[in-house]
Amino acid sequence: MPKLQGFEFWSRTLGGARHVVAPMVDQSELAWRLLSRRHGAQLCYTPMLHAQVFVRDANYRKDNLYCEVCPEDRPLIVQFCANDPEVFVQAALLAQDYCDAVDLNLGCPQMIAKRGHYGAFLQEEWDLLQRMILLAHEKLSVPVTCKIRVFPEIDKTVKYAQMLEKAGCQLLTVHGRTKEQKGPLSGTASWEHIKAVRKAVTIPVFANGNIQCLQDVERCIRDTGVQGVMSAEGNLHNPALFEGRSPAVWELAEEYLDIVRQHPCPLSCVRAHLFKLWHHTLQVHRQLREELAKAKTLEGVAAVSQELKLRCQEDMSRQKEGEKPPGGLPFFHWICQPYFRPGPREGSKENGAARSKRALEEEEAGTDVLSKNKQKKQLRNPHKTFDPSLKPKYAKCDQCGNPKGNRCVFNLCRGCCKKRAFREAADCPGHGLLFKTKLEKSLAWKGAGSFPEVVGGALA
């Protein structure tokens, strides 16, 4: 049977899906996808998988895709990050029998993507992307799709999308933010960019960004002309978003935990989902936040969720007629809320230019309230301090500025010391590096005319 392409692929294989759950690292696992499908999602993506790891590690494949056949979990698109055409295609060939399409991640803006050279940090390398998409289009039995972020310029974004379509991309998801728009600097996604792409290409387009409720989904489709809308954070805070409902949090939490019992996943994923679902309630009942973080089993997590339910029901019983939700929330804390992405803070522009994320973090560091990340670290180690004046002072490596070894003969860190000791055939007892000693022993063996016997690849 010939491979379906473009609109035929979207309408027949994907069933004309309009409500789409985004690929989310450690968050769009099987159990969460099944929950989302029960509440209006028509298409789901796997979490982003690393193509190179997927190729070399059978356990990684088993844990992330081969774990079990689940007919209810279709249609399904598997997303990979990659920067090598051959590796991408090898991974996709291993995955194609378990999904309906393979997606190339060109939208991840995080620092790990920059270090790994993938995601949105490939968006300037059009020749490489053309080769990756073209090879996958030729070799795979399922279509290849892409998820991208926009450039600041609409014209360049349109040309980028057209290039991917020409290379063989059969469906394009456009996140209407640039790769610089993340964290405190996220801001609003540009539907104008998405609309321009939709008009310029002849393949289906999904929109991503600014989706808080079902009305936003319908408005986005109407304003941009896209075929479907993808949700990430909105789905995590309210999996019933595509149904147009905002149910009680415990309703969805209990349903999710029941699915996890049937389709197990790492406890870290379960805990992360419950932190999102119970986010506003945990601001009220803070002591249970620590208990949820410390729970070591699924039943332990479920017990905390049950206690949160009881606390909410007590709060409901004390609610006065006509009382409005505090803190400007649209609903009381026990109801699934729309997700409002925090915008750049007031005064986040200095001399006409946007301040960096680091500058905002340093500004926050001056307050008495610790960030969530620091609170987690302090939870693991109650004696940990974040006061810069109390941190131990280290002498710096003469070459790279990292802390040097206290007993290093070269006054270097271990990495720099190892390079220099190898280059000069020297010893550094402080770092346990004995290049000179080993060389002298080797020369002594050769001079004596005898060599150590090798048994099974090891010295006897």
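Quick notes on the rules
- As a convention, each chain's residues are numbered from 1 in the sequence order in which they are written.
- Totals for whole chains, interfaces and linings use all residues, but because this is a predicted model, local features are given only for residues with pLDDT of at least 70 and pairs of side-chain atoms are given and counted only at 80 or more.
- To obtain the side-chain values, all non-hydrogen atoms of the structure were included, while hydrogens and water were left out.
- UniProt positions are given in the numbering used here, feature names are shortened, and annotations may be inferred rather than shown by experiment.
- Numbering of helices and strands runs from the N terminus, with a helix taken as a DSSP run of H or I at least four residues long and a strand as a DSSP run of E at least two residues long.
- Summary of the burial criterion: residues with accessible area below 20% of their type's maximum are buried, those above 50% are exposed, and those between are partly exposed, where the area comes from a 1.4 Å probe applied to protein chains only.
- The contact criterion used throughout is that any non-hydrogen atoms of two residues lie within 4.5 Å.
- Surface accessibility in these figures is a Shrake-Rupley result with a 1.4 Å probe; residues are shielded only by whichever protein chains are displayed.
- Between 30 and 60 degrees the pair is tilted, below 30 it is stacked and above 60 it is edge-to-face, where a pair is any two Phe, Tyr or Trp rings, Trp via its six-membered ring, whose centres lie within 6.5 Å.
- Between the N-to-C directions of two axes lies an angle of 0 to 180 degrees, each axis being a line fitted to C-alpha atoms and, for a helix, fitted only over the stretch in contact.
- In this scheme, a crossing is called left-handed if the near helix is turned counterclockwise away from the far one by less than a right angle; it is called right-handed if the turn is clockwise.
- Within a predicted model, pLDDT stands for the predictor's per-residue confidence, ranging from 0 to 100.
- We call two directions roughly parallel when the angle between them is under 35 degrees, roughly antiparallel when it is over 145, roughly perpendicular when it lies between 65 and 115, and oblique otherwise.
- Gly is put with the polar residues, along with every residue not named as nonpolar or charged; the nonpolar set is Ala, Val, Leu, Ile, Met, Phe, Trp, Tyr, Cys and Pro, and the charged set is Asp, Glu, Lys and Arg.
- What makes a nonpolar core is a set of buried Ala, Val, Leu, Ile, Met, Phe, Trp, Tyr and Cys residues whose side-chain atoms join them at distances within 4.5 Å.
- Salt bridges are identified by distance alone: a Lys or Arg side-chain nitrogen within 4 Å of an Asp or Glu carboxyl oxygen.
- For this text, the term disulfide refers to a pair of cysteine sulfurs within 2.5 Å.

- As annotated in an unreviewed UniProt entry, the chain carries the name tRNA-dihydrouridine(16/17) synthase [NAD(P)(+)]-like and comes from Panthera leo.
- Here the chain is described in UniProt, under the heading Cofactor (unreviewed entry), as follows: "FMN".
- Annotation of the chain in UniProt includes, under Sequence similarities (unreviewed entry), the sentence "Belongs to the Dus family. Dus1 subfamily."

1. Focus on the overall build of the chain
At step 1: The helix and strand inventory of the chain stands at 20 helices and 15 strands.
At step 2: Expressed as a percentage of the 460 residues in the chain, the buried residues total 46%.
At step 3: Long-range contacts, defined here as pairs at least 24 residues apart, represent 63% of the contacts in the chain between residues at least 6 apart.
At step 4: For the chain, the exposed area adds up to about 24,300 Å²; of that, 51% sits on carbon and sulfur atoms.

2. Notes on the packing of aromatic side chains
At step 1: Taken as a whole, this structure holds eleven aromatic pairs when the rule is applied.
At step 2: Ring geometry for tryptophan 126 versus phenylalanine 151: centroids 6.5 Å apart, planes at 55°, classification tilted. Here tryptophan 126, found in helix H7 (residues 126-139), pairs with phenylalanine 151, found in the loop between strand E6 (144-149) and helix H8 (154-167); they are 25 residues apart in sequence, far enough to count as distant.
At step 3: Among the residues examined, tryptophan 126 registers a relative accessible area of 24% and is labelled partly exposed.
At step 4: For phenylalanine 151, a relative accessible area of 2% puts it in the buried group.
At step 5: Between the aromatic rings of phenylalanine 151 and tyrosine 160, the centroid separation amounts to 5.2 Å while the plane-to-plane angle is 75°, which identifies the pairing as edge-to-face.
At step 6: Ring pairing ties together the aromatic residues Phe54, Tyr60, Tyr66, Phe80 and Tyr98, which thus form one cluster.

3. Points about the packing of helix H5 (residues 85-95) against H7
In a packed pair of helices, the relevant descriptors are the angle between the two axes and the axis-to-axis distance.
At step 1: Axis separation between H5 and H7 bottoms out at 9 Å; the angle between their running directions is 30°. In this structure, H5 crosses over H7, and the sense of that crossing is right-handed. Seen from H5, the contacting residues are Pro85, Glu86, Phe88, Val89 and Leu93; seen from H7, they are Leu128, Arg131, Met132, Leu135, Ala136 and Lys139.

4. Some points on the confidence of the model for the chain
At step 1: Across the chain, pLDDT averages 89, with 90% of residues at or above 70.
At step 2: Considering only residues more than four positions removed or in separate chains, one finds that residues 346-355, a stretch of pLDDT under 50, has ten contacts.
At step 3: Note that residues 454-460 has pLDDT below 50 and, in this model, six contacts with residues that lie over four places away or in other chains.

5. Here we look at the packing of helix H12 (residues 249-262) against helix H13 (residues 267-277)
At step 1: Packing of H12 against H13 brings their axes to within 10 Å, and their N-to-C directions diverge by 170°. When the axes of H12 and H13 are compared, the pair comes out roughly antiparallel. Of H13, the residues touching H12 (which contributes Val249, Ala253, Tyr256, Leu257 and Val260) are Cys269, Val270, His273, Leu274 and Leu277.
At step 2: Classifying every residue of the contact of H12 with H13 gives nine nonpolar, one polar and no charged.

6. Points about the nonpolar core
It is characteristic of soluble globular proteins that their nonpolar side chains tend to be buried jointly.
At step 1: Counting 111 residues, the largest nonpolar core has Phe80, Leu164 and Leu172 as the members making the most contacts within it.
At step 2: At eight residues, H12 tops the list of elements feeding residues into this core.
At step 3: Non-local contacts of leucine 164, meaning those with residues more than four positions away in its chain, are made with Leu106, Leu129, Ile133, Cys146, Ile148, Cys169 and Leu172.
At step 4: Within the second largest apolar cluster, eleven residues are counted, among which are Leu412, Cys416, Ala426 and Leu433.

7. Structural notes on the pattern of salt bridges
At step 1: Throughout the structure, instances matching the rule amount to 20 salt bridges.
At step 2: Close ionic contact of lysine 309 with glutamate 254 constitutes a salt bridge, the shortest N to O distance being 3.1 Å. Within this pair, whereas lysine 309 is found in helix H16 (residues 298-317), its partner glutamate 254 is found in helix H12, the two being separated by 55 residues in sequence.
At step 3: Under the relative-accessibility criterion, lysine 309 is labelled buried at 16%.
At step 4: Overall, glutamate 254 belongs to the partly exposed group, its relative accessible area being 30%.
At step 5: Bridged by salt links that share partners, the residues Arg33, Arg37 and Asp73 form one connected network.

8. Regarding the state of the cysteines
At step 1: On inspection of all chains with the given rule, the structure shows zero disulfides.
At step 2: For cysteine 397, which is in no disulfide, the shortest distance to another cysteine sulfur is to cysteine 400 and amounts to 3.8 Å.
At step 3: No disulfide involves cysteine 400; its sulfur sits 3.6 Å from the nearest other cysteine sulfur, which is in cysteine 413.

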